[in-house]
Amino acid sequence: MNIPQSSFPRVIIIGGGFGGISLAKKLHKKEFQVVLLDKHNYHTFQPLLYQVSTGGLEPDSIAYPIRKVIHDFPNTYFRLAEVQSIDTDSSKVITNIGELKFDYLVVATGSTTNFFGNKAIENNSMSMKSIPESLNLRSLILENFEQALLTDDLHEREALMNFVIVGGGPTGVELAGALAEIKKGILPKDYPDLDTRRAQINLVQGGDRILPAMSEVASKKAEQFLEGLGVNVWKNIRVDDYDGAIATTDTDTIFKTATLVWAAGVQAVNIKGLDAKDLLCRGGRLKVNEFNQVDGFENIFALGDVAQMESEEYPHGHPMMAQPAIQQGENLGKNFIRKSQDKPLLPFKYNDKGSMATVGRNKAVADLPTFKSQGVFAWFIWMFVHLYFLIGFRNRVVVFINWVYNYIKFDREARLIIRPFKKKYQASS
């Protein structure tokens, strides 16, 4: 990998997400050699992926080059690499570009879509956990409407304009709201010769309310917002099969749809060598202590979505969101510095800053530590928070300008089929 030898302890960070970047920043100008590995050369601001999928933003406005983040960090190196395994006995990381020894290893690989072992749904549905996946979904949505114009079969046309989103968490709610706004304000202008009123957006939630991690007030208000936008909200229904044309459920309800988006769960991204059953918890997360040390190891740590730090307040680990990853990265950075000074480590304590979700124009819900808000004020809070945590001044400016333009013009300029996408439907084995 051409990483120079150093007298400083070598810290290898696997993953350039919120946790990995937070830790690298904390070790900036400290007496450590930091090596950051990621299979992409950019950091993705995942909370806004749904806006890429729906044409509200271009992908480069929510991505930021990792090399630009660390370009003035001394003793910090980035390598574009895919980690294949970890040799814990010899403290070595094996990648597709070579091997590298470490003094400390930090796993911050994040999460991916969890299909809960359902291969039919995995093969035939769409997910939205990365920029390439979001661009695929954007292309498929637009191509479906183009195809709907061409077909004389009424049932096929309705299936092409029927969208099913499985999962009533923030991702599903925000995507459903964005699609509903497209149906209302954009499709009639783009497709005047197509009866877009027949387009359907269905949000399917297995539990008895959407946004289950938020307050009941927020859940009810978000549901009201969605229904006001024309979204069909289905609760206490689980989709159990999808063959690319028909989604069946655990009830008599079926959905004839050409587009099913799976947003019903996530699981940690594991690496060979740290995937033993005794290390893993629910969702494939690595069991860590209050210092983010992986169970059984002194020099291997895990952050964010991939780490499960159990406590009385969080018996199943912290929420798989950006804030726990950022805060764990900062705390681990402090502990590395304290460790080098022979000081005791500081246990991690999560500062819950609240949760929020936007449903559409002037419509959002926010559960903050000191108060709860729904509507326009919550929408402004949501926008401010997301702009603040975007990496890069240019990205903040571009996103803000896009939002202002979209708000004034009731438009989404980025509805482009840059690379056509066709799903290859597969039968379940």
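Residues numbered from 1 in each chain as written. Predicted model: local features only at pLDDT ≥ 70, side-chain atom pairs only at ≥ 80, totals over all residues. Heavy atoms only, no water.

1. Notes on the pattern of salt bridges
To be explicit about the condition: Counted as salt bridges are all cases of a side-chain nitrogen of Lys or Arg within 4 Å of a carboxyl oxygen of Asp or Glu. Strands are runs of DSSP state E lasting at least 2 residues, helices are runs of H or I lasting at least 4, and numbering of each runs from the N terminus. For every residue, the accessible area obtained with a 1.4 Å probe (protein chains only) is divided by the maximum for its type, and the residue is called buried under 20%, exposed over 50%, and partly exposed between those limits.
Going through the model one piece at a time under the given rule, you end up with 10 salt bridges. The salt bridge involving E99 is made with K92; its shortest N-O contact spans 3.4 Å. The shortest N-O distance in the salt bridge between R412 and E181 comes to 3.8 Å. Taken as a pair, R412 in the segment after α12 (393–409) and E181 in helix α7 (residues 170–185) lie far apart in primary sequence, 231 residues in all. Here E181 falls in the partly exposed class, since its relative accessible area comes to 21%. Look at the salt bridges and you will find they share partners, linking D190, D411 and R415 into a network.

2. What about the pairing of strand β8 (residues 98–101)?
So the rule is basically this: Strands are treated as partners if at least two bridges between them are detected by DSSP.
Inspection of the sheet shows strand β7 (residues 92–95) paired to β8 by four bridges, in the antiparallel sense. Bridging across to β8, I94 finds its partner in E99. Taking the residues that link successive antiparallel strands as the turn, the β7-β8 hairpin has two residues.

3. With respect to the sheet that holds strand β6 (residues 83–87)
Note the following rule: Every axis in this analysis is a line fitted to C-alpha atoms, fitted for helices over the stretch in contact. Angles between the N-to-C directions lie between 0 and 180 degrees.
Strand order in the open sheet formed by three strands is β6-β7-β8, and the pairing between neighbours is antiparallel. Two strands close off the open sheet at either side, each with one partner strand: β6 and β8. Along the sheet, successive strands turn relative to each other by an average axial angle of 20°, direction set aside.

4. Remarks on helix α10 (residues 322–340)
Our working rule: Multiplying one less than the number of residues by 1.5 Å gives the expected span of a helix.
With 19 residues, α10 extends 27 Å between its outermost C-alpha atoms, agreeing within 8% with the 27 Å of an ideal straight helix rising 1.5 Å per residue. Once α10 ends, the next one or two residues include D342, with phi positive near 55°.

5. Description of the side chain of N292
This is how it is decided: Here a polar contact is taken to be a pair of N or O atoms separated by no more than 3.5 Å, where protein atoms must pair a possible hydrogen donor with a possible acceptor and residues adjacent in sequence count only if both atoms sit in side chains. Every residue pair with non-hydrogen atoms within 4.5 Å of one another is taken to be in contact.
Positionally, N292 belongs in the loop between β19 (286–288) and β20 (300–302). Separated by 2.8 Å, the side chain of N292 and the backbone oxygen of A302 make a polar contact. Excluding anything up to four places from it in sequence, N292 contacts I300, F301, A302, L303, A307, M309, Q328 and F348.

6. Brief notes about the sheet that holds strand β14 (residues 239–242)
Spatially, β14-β15-β16 is the arrangement adopted by the three strands of the open sheet, whose pairing is antiparallel. Both outer strands of the open sheet, β14 and β16 (254–256), are each paired with one neighbouring strand and no more. With direction set aside, neighbouring strand axes in the sheet form an average angle of 20°. As judged from the three bridges shared by strand β15 (residues 246–249) and β16, these two strands associate in the antiparallel manner. Looking at β16, one finds that I246 is bridged to K256.

7. Remarks on α7
Counted at 1.5 Å a residue, the expected span for α7 with its 16 residues is 22 Å, and the 22 Å between its end C-alpha atoms agrees. Buried residues of α7: G172, V173, E174, L175, A176, G177, A178, L179, A180, I182 and K183, and no others.

8. A short note on the packing of helix α11 (residues 376–389) against α12
To keep things clear, this is the line we draw: Angles below 35 degrees are treated as roughly parallel, those above 145 as roughly antiparallel, those between 65 and 115 as roughly perpendicular, and all remaining angles as oblique. By convention, the crossing between two helices is left-handed when the near helix turns anticlockwise from the far helix through less than a right angle, and right-handed when the turn is clockwise. We call Asp, Glu, Lys and Arg charged. Ala, Val, Leu, Ile, Met, Phe, Trp, Tyr, Cys and Pro are nonpolar, and the rest, Gly among them, are polar.
Where α11 meets α12, the axes come as close as 9 Å, and the angle between the chain directions of the two elements is 155°. The angle between α11 and α12 falls in the class roughly antiparallel. Crossing of α11 against α12: the hand is right-handed. Contacts between α11 and α12 involve W379, W382, M383, H386, L387 and Y388 from the first element and R396, V399, F400, W403 and Y407 from the second. Taken together, the residues of the contact of α11 with α12 sort by class into nine nonpolar, one polar and one charged.

9. A few points about the packing of aromatic side chains
We apply this condition: Within 6.5 Å between ring centres, the rings of Phe, Tyr and Trp (the latter by its six-membered ring) count as paired, and their orientation is classed by plane angle as stacked under 30 degrees, edge-to-face over 60, tilted in between. In this scheme, Lys NZ or Arg CZ marks a charge over a ring once it lies within 6 Å of the ring centre and within 35 degrees of the ring normal.
Under the definition given, this model contains 16 aromatic pairs. Seen in terms of ring centroids, F384 and Y388 are 6.3 Å apart; in terms of plane orientation they differ by 25°. Their pairing is stacked. With F384 and Y388 both in helix α11 and four residues apart, this pair spans about one turn of that helix. Across the pair, exposure class does not vary: F384 and Y388 are exposed alike. Feature note: the residues F32, Y104, F301 and F336 constitute an aromatic cluster, connected by ring pairs. Lying over the aromatic face of Y407, R361 brings its terminal NZ or CZ to 3.7 Å of the ring centre. The cationic tip of R361 hangs over the ring face of F410; the distance from NZ or CZ to the ring centre is 3.9 Å.

10. Concerning the nonpolar core
Our working definition: As used here, the term nonpolar core means buried Ala, Val, Leu, Ile, Met, Phe, Trp, Tyr and Cys residues forming a set that is joined through side-chain atoms within 4.5 Å.
Formed by 67 residues in total, the largest nonpolar core has its most connected members in L48, F145 and L226. When sequence neighbours within four positions are dropped, the list of residues in contact with F145 reads M161, F163, L187, Y191, L194 and A199.

11. Some remarks on the packing of helix α1 (residues 18–26) against α10
Across the interface, α1 lies against α10 with an axial gap of 7 Å and an inter-helix angle of 30°. If you check the angle between α1 and α10, you find them roughly parallel. Helix-helix and strand crossings are classified by hand; for α1 and α10 the assignment is right-handed. Within the contact between the two elements, α1 uses F18, G19, S22, L23 and K26 and α10 uses A322, A325, I326, G329, E330, L332, G333, K334, F336 and I337.

12. Some words on a nonpolar patch on the surface
So the rule is basically this: Note that patches include only residues with greater than 30% relative accessible area and no salt bridge, and the join distances are 9 Å for like charges and 5 Å for nonpolar side chains (Val, Leu, Ile, Met, Phe, Trp, Tyr). Per-residue and other accessible areas follow the Shrake-Rupley method at a 1.4 Å probe size, with only the shown protein chains counted as cover for residues.
On the surface, a cluster of nonpolar side chains totalling about 680 Å² of accessible area is made up of F393, V397, F400, I401, V404, Y407 and I408. Structurally, V397 can be placed in helix α12.

13. So, the environment of L150
As for its placement among the helices and strands, L150 is situated in helix α5 (residues 131–150). Remark: the alpha-carbon pair of L150 and L194, spanning 44 residues in sequence, is separated by 9.8 Å.

14. Re the environment of T171
Along the chain, T171 falls in helix α7. Overall, T171 belongs to the partly exposed group, its relative accessible area being 38%. Between the C-alpha atom of T171 and that of I254, which follows or precedes it by 83 residues, the distance is 22 Å. For T171, the residues in contact, after removing those within four places along its chain, are M128 and A263.

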